[in-house]
Amino acid sequence: MHLPTIFTAILGLTWRVAGQGTPQPGADGRYTISAPGIRAMFIPYGATLTNLYVNDKSGKEVDVVLGYDDAAYYQLEAQFTIDGKTYRTQKNDGQNTLHSGTNNWSYRFWNVTAVSTDSITFSIIDKEGESTGMPGTVLGNVTYSVAANATWSIKMTATSPNVKTPLMLTQHTYFNLDAYKNPSTAQIWDHTLFMPYSKRYLAIDGGALPTGQILNASPGSINDFASTTKPLGHARSSSTFRGNCGSGCEGYNGFWAFDDNRPKDAVVLTLASPWSGIKADLRTNQVGVVLYTCAWSDGSANLKKTQGTGNRKKVERSSCIAIEPQDYVDGINRPAWGRVDAQITGPGEVYNWESSWTFGQL
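Residues numbered from 1 in each chain as written. Predicted model: local features only at pLDDT ≥ 70, side-chain atom pairs only at ≥ 80, totals over all residues. Heavy atoms only, no water.

**Considering the environment of Arg-283**
Working step 1: You can see Arg-283 is positioned in strand E19 (residues 278-284).
Working step 2: Between the C-alpha atom of Arg-283 and that of Val-268, which follows or precedes it by 15 residues, the distance is 5.9 Å.
Working step 3: Leave out the neighbours within four places in its chain, and Arg-283 touches Asp-265, Ala-266, Val-267, Glu-354, Ser-355, Ser-356 and Thr-358. (Helix = DSSP H or I, 4+ residues; strand = E, 2+ residues; numbered from the N terminus. Contact = heavy atoms within 4.5 Å.)

Encoded structure:
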């Protein structure tokens, strides 16, 4: 993704939690948790989800997330101001900081601090200076769990016990609900999307960076997924589809805000595939979501053995979607949006992020 001045730890271990009956990783280093209708696999590197199996319309188990077969493979301004002091961060995306720089949490080994048959918790200590330009030491935890209603839940907490620091976490899984097995297409455009509480979105420039404007998507417009369920490619014939997510980019790479008065525990987003019959409902305590439709995939990455067909072996352009619940992109540098305090955590505060995906059939 290409986002500006965004301090996002993408949760993509070195300890095995010992004890009689405690689940241990497989020979490939993956931990597996499961419940009826759902099975998930994780590795310590980046606390990463590598496989997520749910049932399609015929009851067949399908791996709906991107990843790698070999677990070893995983091995605007670039500044912000807190209390009048300006911090300058690593520029790893042009002139901007993406995902907290090149030593972000997705490139670290996490500790497994708890594990059961249906839940696993990873923890990390991010010492001051390890995430280049970020003040303070941050203690982070993420718990993944699965439940019998085919729900995958993610809960993250973090604290900065000594100083104020920017903190805006998200979960960065890439989905293809067909597992690249749809004989008609590998692309994501036939998947459907509905976001009933997201009429507003952030305007972006050619670099996919927020301009500061918050716009309303009129019914039927390219960025409208609030008025009714639509295919992700509903606007492909429009001259604005190419460039909608930045120069040279097709599709989507931006932030949609949720309505402030949405019902508690509402389904804020539904992704579905008519071909596989799988649907995924998102609930979250976050205020919005970033959508990215993989425009920069160049076809060089291999699909997992659980995905693809005899002739389809690569991750093609526009063949997946990342859906990332989070706060306003670059809100720390946009005081008019009223999100600065929400994106800074300090002593005595606990950062809390929760989301869940419930899978079913159309």
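**Some thoughts on the pattern of salt bridges**
Working step 1: For the structure shown, the criterion picks out eight salt bridges.
Working step 2: Of the charged contacts in the structure, one is a salt bridge between Arg-39 and Glu-61, with a shortest N-O distance of 2.8 Å. Here Arg-39 is found in strand E2 (residues 38-43), whereas its partner Glu-61 is found in strand E4 (residues 61-63), with 22 residues between them in sequence.
Working step 3: The partly exposed category is assigned to Glu-61, whose relative accessible area is 40%.
Working step 4: Of the charged contacts, one joins Arg-334 and Asp-330 as a salt bridge, the two residues approaching to 3.5 Å between their closest N and O atoms. (Salt bridge = Lys/Arg side-chain N within 4 Å of Asp/Glu carboxyl O. Buried < 20%, exposed > 50% of the residue type's maximum accessible area, 1.4 Å probe, protein only.)

**Some words on the sheet that holds E19**
Working step 1: Taken together, the nine strands give an open sheet; going across it, the order is E7-E8-E9-E10-E23-E19-E18-E13-E16, and neighbouring strands pair in antiparallel fashion. The open sheet is flanked by strand E7 (111-115) and strand E16 (230-231), the only strands paired with a single partner.
Working step 2: Of the pairings in the sheet, the one linking strand E8 (residues 119-126) to strand E9 (residues 138-147) comprises eight bridges and is antiparallel in character. Across the sheet, Ile-120 pairs through a bridge with Tyr-144, a residue of E9. (Pairing = 2+ DSSP bridges.)

**Thoughts on the layout of surface pockets**
Working step 1: Looking at the second largest pocket, its volume works out to about 260 Å³.
Working step 2: Asp-265, Arg-283, Thr-284, Asn-285 and Glu-354 are the residues nearest the centre of the second largest pocket, which is lined by 15 residues in total.
Working step 3: Within the lining of the second largest pocket, the residues separate by chemical class into four nonpolar, five polar and six charged. (1 Å grid on protein atoms, 1.4 Å probe; cavity = no way out; pocket = protein on both sides within 12 Å on 5 of 7 lines; lining within 4 Å. Points joined across faces, edges and corners; volume = space filled by probe spheres on them. Nonpolar A, V, L, I, M, F, W, Y, C, P; charged D, E, K, R; others polar.)

**Quick word on the nonpolar core**
Generally speaking, soluble globular proteins have nonpolar side chains that are buried together.
Working step 1: Membership of the largest hydrophobic core comes to 62 residues, with the highest contact counts inside it found for Leu-269 and Phe-359.
Working step 2: Beyond its immediate sequence surroundings of up to four residues, Leu-269 is in contact with Leu-193, Phe-194, Met-195, Ala-280, Asp-281, Leu-282, Val-289, Leu-291, Ile-323 and Trp-357.
Working step 3: Formed by nine residues, the second largest nonpolar core is a distinct cluster that contains Tyr-180, Ala-186, Leu-303 and Cys-320. (Core = buried A, V, L, I, M, F, W, Y, C linked by side-chain atoms within 4.5 Å.)

**What to know about the pairing of strand E14 (residues 200-204)**
Working step 1: The pairing of E14 with strand E15 (residues 210-216) spans four bridges and is antiparallel. By the bridge assignment for E15, Ile-204 is matched with Pro-210.

**Things to note about the packing of aromatic side chains**
Two numbers describe a pair of aromatic rings. These are the distance of the centres and the angle of the planes.
Working step 1: On inspection of all chains with the given rule, the structure shows 14 aromatic pairs.
Working step 2: Each ring, one from Phe-225 and one from Tyr-252, has its centre 5.3 Å from the other, and the planes form 70°; the classification is edge-to-face. Taken together, the residues span a long stretch of sequence, with Phe-225 in the loop between E15 and E16 and Tyr-252 in the loop between E16 and strand E17 (253-257) at a distance of 27 residues.
Working step 3: Using a relative accessible area of 0% as the deciding quantity, one classes Phe-225 as buried.
Working step 4: Aromatic side chains Tyr-328 and Trp-337 sit 5.7 Å apart centroid to centroid with 50° between the ring planes, which places their arrangement in the tilted category.
Working step 5: Taken together, the ring pairs connect Trp-189, Tyr-201, Phe-225, Phe-241, Tyr-252 and Trp-256 into an aromatic cluster.
Working step 6: Between the NZ or CZ atom of Arg-317 and the centre of the ring of Trp-296, over which it lies, the distance is 6.0 Å. (Phe/Tyr/Trp six-rings, centres within 6.5 Å; stacked < 30°, edge-to-face > 60°. Lys NZ or Arg CZ within 6 Å of the ring centre and 35° of its normal.)

Taken by themselves, the reported measurements are silent on function.
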